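# Reading the structure
Given next are the chains, with one letter for each unit.
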Amino acid sequence: MRNGLIVFQFAASIALIICTVAVRSQLRFIRNMDMGYERDQIVVLSPRGGMRTNLEAFRTELRRNPSVLNVAMSSDLPDRVSSSTNASWPGKPESTEIQIYVLDADYDFIDLFGLKLARGRNFSRDFPSDAKGAFLINESAANAIGWEDPIGHEFGRWGNQKAGGTIVGVIKDFHMHSVHLPIMPLYIYLDPTRGGNVSVKIRGENIPATIAFLRKTWERFAPEYPFEYSFFDEVFDRAYRVERRLGTVFSAFAGLAVLIACLGLIGLASFTAEQKTKEVGIRKVLGASSAGIMALFSKEFIKWVVLANLVAWPVGFYAMRTWLKNFAYRIDLTVPMFLGSALAALAIAAAVISVQTYRAASANPADSLRNE
């Protein structure tokens, strides 16, 4: 029963360590992966009150500051496009149904967020025809529709079969949702009047002074509303708040489980050492070294920790494979994750056992055998 308890405690510890490593690896993968857009030094504002009717004047005022590199208006931010409709174009077969996400943006949106063009061109003020209706579609939309070269095709707006404008370019796919979802077809429609979000690209130097300038400008255009802003990278991070909390919870429980397992191992090692006091004394009289006695004791306990690994690995693998299925883009569960967890548990167990068995192994054999 004692040995079974040790196996159970260490199996739980190892499984939690595996889960912690996997969750943190997935979060690091998300943080470092190329989302297809830039996230740094971008301040996001939500226009209020009279500012909505004076967006162009607000933009012009912001651009007067040399610390402001660019300003763009859009209906959504590139990481959370929420609106969708059925794709439509002149001559579309009635049996064809393609869900496509919708983003309205101005001329500067693509450049500000660093979206890449696969072919064609960006919206441009040099082309007066763009103001009459122009689209950018992503690569997934072009592939879903089946157009090898979409440039110049007429495209409908909000599911209307009538052409709403012309496709002028194809942008490379970017993650417009969290990585829980695959990249979907998307069109971006040129609409400089849509200002649900005002994104401001700023220099990395003297950010507090730039924020103070934004506040002052805001108060000129919307004095009745408090100045509120956020950095786009913080908005991005909030989308994975649940995963970060899960990683913290796993870390805390893994640490607690390891502590409980170590306490149990300390108790068992102390009990065993006490039971074998006379045996240790006899072995030392016959010439056994302290290191040899410690190794002898350790082997008895380490085998249970090894067995705990064999129990924990399938549990950790199944739990993390199930959790990772929630992500369309995810890491692979690798052998080093499991071996690392095993080595960590073995190292902890060996350290605990060594401390407890050292006392018995280093004791004077005469004291051990005196009461025999």
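Residues numbered from 1 in each chain as written. Predicted model: local features only at pLDDT ≥ 70, side-chain atom pairs only at ≥ 80, totals over all residues. Heavy atoms only, no water.

### Considering a nonpolar patch on the surface
To keep it simple, the criterion reads: Residues forming no salt bridge and having over 30% relative accessible area are the ones grouped into patches, like charges within 9 Å of each other and nonpolar side chains (Val, Leu, Ile, Met, Phe, Trp, Tyr) within 5 Å. Here the Shrake-Rupley method, with its probe set to 1.4 Å, supplies the accessible areas, and only the displayed protein chains count as covering residues. Here, a salt bridge means any Lys or Arg side-chain nitrogen found within 4 Å of an Asp or Glu carboxyl oxygen. Elements are defined by DSSP. Helices are runs of H or I of four residues or more, strands are runs of E of two residues or more, and each kind is numbered from the N terminus.
A cluster of nonpolar residues, Val 249, Phe 253, Leu 256, Leu 259, Ile 260, Leu 263 and Ile 266, forms a patch on the protein surface that exposes about 610 Å² of accessible area. Structurally, Leu 263 can be placed in helix H7 (residues 241-275).

### Regarding helix H5 (residues 207-221)
For the α-helix, the turn length of 3.6 residues means that residues three or four positions removed from each other point alike. Keep this limit in mind: What a helix is expected to span follows from its residue count: subtract one and scale by 1.5 Å. Burial classes follow relative accessibility: with a 1.4 Å probe on protein chains only, a residue under 20% of its type's maximum area counts as buried, one over 50% as exposed, and anything between as partly exposed. This arc is built from the directions going out from the helix axis to the C-beta atoms. In what follows, residue pairs with any heavy atoms lying within 4.5 Å of each other are defined as contacts.
With 15 residues, H5 extends 21 Å from end C-alpha to end C-alpha; this agrees with the ideal 21 Å at 1.5 Å per step. Along H5, the residues that are buried comprise Thr 210, Ile 211, Phe 213, Leu 214, Thr 217, Trp 218 and Phe 221. End-on, the buried residues of H5 take up no more than an arc of 155 degrees, which puts them together on one face. Set apart from the buried face of H5 by more than 90 degrees, the exposed residues are Pro 208, Lys 216 and Arg 220. Turning to H5, the residues buried within the fold contact strand S1 (42-45), helix H2 (55-63), strand S2 (68-74), strand S10 (197-202) and strand S11 (229-231).

### Things to note about the packing of H2 against H5
How we decide: To get an axis, a line is fitted to the C-alpha atoms, and for a helix only the part in contact is used. The angle between two axes follows their N-to-C directions and goes from 0 to 180 degrees. Oblique is the label for every angle not falling under 35 degrees (roughly parallel), over 145 degrees (roughly antiparallel), or within 65 to 115 degrees (roughly perpendicular). By definition, turning the near helix anticlockwise from the far helix through less than a right angle yields a left-handed crossing, and turning it clockwise yields a right-handed one. Ten residue types, Ala, Val, Leu, Ile, Met, Phe, Trp, Tyr, Cys and Pro, are classed as nonpolar, four, Asp, Glu, Lys and Arg, as charged, and the remainder, Gly among them, as polar.
The contact between H2 and H5 brings their axes to 11 Å, and the two run at 150 degrees. As judged from the angle between their axes, H2 and H5 are roughly antiparallel. Where H2 crosses over H5, the two elements pack in a sense that is right-handed. Between H2 and H5, the residues in contact are Ala 57, Phe 58, Glu 61 and Leu 62 and Phe 213, Leu 214, Thr 217, Trp 218, Arg 220 and Phe 221, respectively. In terms of residue class, the contact of H2 with H5 is made up of seven nonpolar, one polar and two charged.

### A look at the pattern of salt bridges
This structure, assessed with the given rule, holds twelve salt bridges. The residue Asp 130 makes a salt bridge to Arg 121 at a minimum N-O spacing of 2.8 Å. For Asp 130, a relative accessible area of 2% gives the class buried. Exposure remark for Arg 121: the relative accessible area of 22% places this residue in the partly exposed category. Among the charged side chains, a network of salt bridges with common partners joins Glu 56, Arg 59, Arg 63, Asp 106, Asp 108 and Arg 125.

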